[in-house]
Amino acid sequence: MSIPAGVRGVVFDVGETLVDESRAWTIQAERAGVTPFALMGLLGALIARDEDHRRVWEMLGVERPADPARIEHIDLYPDALDCLRAARHAGLVVGIAGNQPSGVETQLRGLGFDAGFVDSSAAWGAAKPSAALFAQIIQAAQLDPGEIMYVGDRVDNDILPAHQAGMRTAGHCCRCRPAAIPTTCPGGPTPHRCCGSQPAASPDRAHRPVRSGSSLRPLWGLVSVSPRY
Ligand SMILES: [Mg+2]
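Here the residue numbering is sequential within each chain, running from 1 through the sequence in written order. Two thresholds apply to this predicted model, a pLDDT of at least 70 for residue-level local features and 80 or more for giving and counting side-chain atom pairs, whereas whole-chain, interface and lining totals are computed over all residues.

Caption draft 1: Spatial organisation of the overall build of the protein. Along its length, the protein carries nine helices and five strands. Only DSSP runs of H or I reaching four residues or more are called helices, and only runs of E reaching two or more are called strands; each is numbered from the N terminus. Its helices and strands in sequence order give the protein the pattern β-α-α-α-α-β-α-β-α-α-β-α-β-α, from N to C terminus. Remark: C-beta atoms are placed from the backbone, and a residue is labelled buried if 20 or more other C-beta atoms sit within 10 Å of its own, exposed if 12 or fewer do, or partly exposed between those counts. The burial tally for the protein puts 38% of its 229 residues in the buried class. The contacts of the protein with a sequence gap of at least 6 include a subset with a gap of at least 24, amounting to 60%. We call two residues in contact whenever the C-beta atoms placed from their backbones are within 7 Å.

Caption draft 2: Expanded view of the nonpolar core. Joined through C-beta atoms within 7 Å, a set of buried Ala, Val, Leu, Ile, Met, Phe, Trp, Tyr and Cys residues constitutes a nonpolar core. Of all hydrophobic cores here, the largest spans 40 residues; its most connected members are Val10, Val11, Leu84, Ile96 and Met149. For this core, the secondary-structure elements that each account for two or more residues are strand 1 (9-12), helix 4 (80-89), strand 2 (93-98), helix 5 (104-110), helix 7 (131-141), strand 4 (148-152) and helix 8 (155-164). The element contributing the most residues to this core is helix 4, with six residues. Those residues in contact with Leu84 that lie beyond four places of it in its chain are Val94, Phe113, Asp114 and Ala115.

Caption draft 3: Representation of the sheet that holds strand 3 (residues 117-120). A pair of strands is labelled paired if DSSP reports no fewer than 2 bridges between them. One open sheet accounts for five strands, arranged 3-2-1-4-5; its pairing is parallel. Looking at the sheet topology across the chains shown, the edges are occupied by strand 3 and strand 5 (168-171). Mean inter-strand twist for the sheet, computed between neighbouring axes without regard to direction, equals 20 degrees. Direction of pairing for strand 1 relative to strand 2: parallel, over a ladder of four bridges. What counts as an axis is a line fitted to C-alpha atoms, over the stretch in contact for a helix, and the angles between N-to-C directions run from 0 to 180 degrees.

Caption draft 4: The confidence of the model for the protein, seen in detail. On a range of 0 to 100, pLDDT expresses the predictor's confidence in each residue. Looking at the protein as a whole, the pLDDT averages 80, with 75% of positions reaching at least 70. Model confidence for the protein, summarised as mean pLDDT per element, is weakest for helix 9 (residues 218-225) at 66 and strongest for helix 7 at 97.

Caption draft 5: Geometry of the pairing of strand 4. Counting buried positions over the five residues of strand 4 gives five, a clear majority of the element. By the alternation rule, side chains of strand 4 split into Ile148, Tyr150 and Gly152 and Met149 and Val151, which are all buried. Relative to strand 4, strand 1 runs parallel, the two being bridged by four bridges. Each bridged residue has a counterpart across the sheet, and for Val10 the counterpart in strand 4 is Met149. Bridge analysis of strand 4 against strand 5 gives four bridges, and the strand direction is parallel. What sits directly across from Met149, in strand 5, is Arg168. Handedness of the crossover is the feature at issue here: the chain leaves strand 4, passes through helix 8, returns alongside strand 5, and the resulting connection is right-handed. Place the viewer so that the strands point away; then a crossover is right-handed whenever the path from the first strand over the helix to the second strand goes clockwise.

Caption draft 6: Focus on helix 2 (residues 36-48). Helix span, as expected, comes to 1.5 Å for every residue beyond the first. For helix 2, which comprises 13 residues, the first-to-last C-alpha distance of 18 Å matches the rise-based estimate of 18 Å (1.5 Å per residue) to within 8%. Backbone geometry just downstream of helix 2 places Asp50 in the positive-phi region, at approximately 60 degrees.

Caption draft 7: Looking closely at the packing of helix 1 (residues 22-32) against helix 2. Contact pair helix 1 / helix 2: the axes reach a minimum separation of 8 Å and the direction vectors enclose 120 degrees. Relative to helix 2, the element helix 1 lies oblique. Of the two elements, helix 1 crosses helix 2, and the hand of that crossing is right-handed. Of the residues in helix 2, those touching helix 1 at Trp25, Thr26 and Ala29 are Pro36, Leu39 and Met40. In this scheme, roughly parallel covers angles under 35 degrees and roughly antiparallel covers those over 145, while 65 to 115 is roughly perpendicular and the rest are oblique. Handedness of a helix crossing follows the sense of rotation of the near helix relative to the far helix, less than a right angle counterclockwise being left-handed and clockwise being right-handed.

Caption draft 8: Molecular detail of the pairing of strand 2. In terms of burial, strand 2 is a largely internal element, six of the six residues being buried. Where strand 2 lies against strand 3, four bridges are found, and the strand directions are parallel. Among the inter-strand pairings, Ile96 is bridged to a residue of strand 3, identified as Val118. Read as a crossover between parallel neighbours, the route from strand 2 over helix 5 to strand 3 is right-handed.

Caption draft 9: Fine view of the environment of Val14. Relative to the assigned elements, Val14 resides in the loop between strand 1 and helix 1. Residue class for Val14 comes out buried when judged on the 24 C-beta atoms lying within 10 Å of it. With 138 residues separating them in the primary sequence, Val14 and Gly152 have C-alpha atoms 7.8 Å apart. If we ignore the near neighbours within four places in the chain, the residues touching Val14 are Val19, Ile96, Gly98, Gln100 and Val104.

Caption draft 10: Structural context of the environment of Leu84. If you trace the backbone, Leu84 turns up in helix 4. Put simply, Leu84 and Phe12 are 72 residues apart on the chain and 9.0 Å apart in space, counted from C-alpha to C-alpha.

Structure (structure tokens):
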């Protein structure tokens, strides 16, 4: 499988790219005393409106739970570990950086993610979609922006700001929105490629064990076939 010309590094978002956050949000809903349905419905509405999803607690009128839910092996998308291994095998600089609380770096490395750097908004003191976070990514990767591909699930938080930082982008929107996959970024020039052949997630995906050596590698396929932009 070929790598897009000029790409020397690939950096992955965490939530809904490598990690299925359904279980974590369910735990947080229970801690806050609201139903998972109410929490996730409002989260989706905020994201769809390009608003900060962290406003969800304020809008629900509840306190944000003090501690984030820990990421467990069962939360990993089945292709996540394989994808990073494939990227490392291909000789790419591999990084992980997303809007995550402190401690996620240790958790992800403990779950087997082999990356040159694993960082978070908490560690860097900057969050997506700010240019500061993408500048940190470029510095950590020690590559020119145009040599980095950023892979994320959100147009507003991942694709557009990474593109504005000069990176190549790969949008993996079908993890969470299989029925509503955009083919172009609304309001932006960046093509938004998605692995349209990936079937919709099964309802029990979050509770299915991770399969090592799986032949289903849509995330890696997305990275390796992304067009030049
Ligand atoms: Mg995400």
